[in-house]
Structures are given as structure tokens and as C-alpha cells.
Amino acid sequence: MVMPVLETERVMSVEEFDAWVLLPENIGRDYEYVGGRVIEVVSNNRSSGIGHLLGSLIGVYVFQHKLGFTTGADGGYWIVGERYVPDAAFVSVSRQFKRTDDAYYPIAPDLAIEVLSPSNTAEEIRIKVVNYLTAGTTAWVVDTHRERIEVYTPGKPVRILKRGETLDGGAVLPGFTVAVNDVFGEK
């Protein structure tokens, strides 16, 4: 089943978006500003579960090693003038400053995890990955249908991991590992 996606019919400036998301009818809903369009973040149980699993594993690792902080599927960020809500994200101690109550943290995370849902378009994901890399963010794009994880690291070629391989935190989360099989569960 394809989930509905709310998009505006016109290009909106980021300033208009920042005011628009604060309207009473938009409070409590997650929106992204990608390529000048407003996109409501809609997921499904599988994608949400995988995002939560990865976010939880990283969150515990970050907490135990006092590396910074993580956010889940409601944590927004400013990315190259746009507003994104990754399924999970990590901000290192060295890059963070005072956490705010704002819907979108004013810097890009060190790591962003995007778990594909039926509502994501190829163009939207392409724009987001390019902007994450421009912002210096490593991005993990998790494709639940193909059961693979694409690892985009600034200045490096993409790595595509499948069942039987291990996802590691690279330079962003040294020492963190998880089996791709464990991410997608039993076959």
C-alpha cells in the first residue's frame, strides 16, 4: 500500500516554511522542506521499526561512550538551508552546542539515517543525500525492500551493504558495528 504524501503546490521559501510549520494545524506533525517543497513525513511499521532499532543501537553506543547525542524520527535539522527529519541521527560532542526546543536543530548531524518508506521518491532521497554530503554529514540510506544499506560518506565512494555483511560506524562512530542481517531480521 502506498502511503499518502502531502506536498504543497508551490515552491515555498525556507522562511515561509519555518512560519508555516508553527501554524496550529501543523503542530504535532512532521514535515520536511526538500527542494523548496513541503513534504509530510509518513512511514510504515517496518521502516519505522528499522529506524528505531538503528537509532536505539546507536543511542546506547553514544551514551555509553559519551560521544554526543542522538535523535529519533521526530528530531529535525537544518541541512544546507533545508529542513530534514531523519529517522535517526547523531551529533558529536565536538559539533554540538546548547540543545534547543526548536523543531529543527540549527546544524547538520554527523550521521543521518534515512529508512526508505513507500512515500519517499527517488528525487527526494537524491536531493537529501547530496545535501547531507555537502553539509559534511554521513548518511545511511536503508532500503527495506532490497534489504541493503547505502553508506554515503563525504569525499568517499558509496558503500552498499547487504545481508551477510556488517555495518560499521566508520570515522563518525568508531567501534560501532551491527550485522546487516540483524537490521533486517530473520528471513
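Before reading on, note that the structure itself is shown above.
Residues numbered from 1 in each chain as written. Predicted model: local features only at pLDDT ≥ 70, side-chain atom pairs only at ≥ 80, totals over all residues. Heavy atoms only, no water.

**Structural notes on helix H2 (residues 45-65)**
Worth spelling out the cut-off: What counts as a helix is a DSSP run of H or I of at least four residues, what counts as a strand is a run of E of at least two, and both are numbered from the N terminus. A helix is expected to span 1.5 Å multiplied by its residue count minus one. Note on classification: 1.4 Å probe, protein chains only; a residue is buried when its accessible area is under 20% of the maximum for its type, exposed when over 50%, partly exposed between these limits. The directions from the helix axis to the C-beta atoms form the arc being described.
End to end, H2 covers 30 Å across 21 residues, agreeing with the expected 30 Å (1.5 Å per residue, within 8%). Within H2, burial applies to Ser 47, Ile 50, Gly 51, Leu 54, Gly 55, Ile 58, Gly 59, Tyr 61 and Val 62. When H2 is viewed along its axis, its buried side chains cluster within an angular range of 170° and face the same direction. Exposed residues lying more than 90 degrees from the buried face of H2 are Asn 45, His 52, Phe 63 and Gln 64.

**Let's talk about the packing of aromatic side chains**
To keep things clear, this is the line we draw: Note on aromatic pairs: the rings of Phe, Tyr and Trp (six-membered ring only in Trp) are paired at centre separations within 6.5 Å, and the planes decide the class, stacked below 30 degrees, edge-to-face beyond 60, tilted for the rest. For a Lys NZ or an Arg CZ to count as sitting over a ring, it must be within 6 Å of the ring centre and within 35 degrees of the ring normal.
For the coordinates displayed, the defined rule picks out eight aromatic pairs. Among the aromatic residues, those joined into a ring-pair cluster are Phe 17, Trp 20, Tyr 33 and Tyr 104. Sitting over the ring of Trp 78, Arg 83 keeps its end group 4.3 Å from the ring centre. Just above the ring of Tyr 84 sits the side chain of Lys 128; from NZ or CZ to the centre is 5.4 Å.

**Notes on unusual backbone geometry**
For Val 80, which is not glycine, the phi torsion reads 45° and is therefore positive. Mapped onto the elements, Val 80 comes out in the loop between strand E4 (76-79) and strand E5 (82-84). You can call Val 80 partly exposed: its relative accessible area is 44%. The residue Glu 147 is not glycine, and still its phi comes out positive at about 50°. Taking relative accessible area as the criterion, Glu 147 reaches 13% and is therefore assigned buried.

**Digging into the side chain of Arg 83**
As a reminder, the rule being used: Any N or O atom pair separated by 3.5 Å or less is treated as a polar contact, with the protein-specific requirement of one donor-capable and one acceptor-capable atom, and with residues adjacent in sequence counted only for side-chain atom pairs. The criterion used for residue contact is that any of the two residues' heavy atoms lie within 4.5 Å.
With respect to the secondary-structure elements, Arg 83 resides in strand E5. By relative accessible area, Arg 83 is classed as buried at 5%. Side-chain polar atoms of Arg 83 contact the side chain of Asp 18, separated by 2.8 Å. Sequence-distant contacts of Arg 83, defined by excluding residues within four places in its chain, comprise Val 14, Phe 17, Asp 18, Glu 32, Tyr 33, Tyr 77, Trp 78 and Tyr 104.

Limitation: the analysis is restricted to geometry and does not speak to function.
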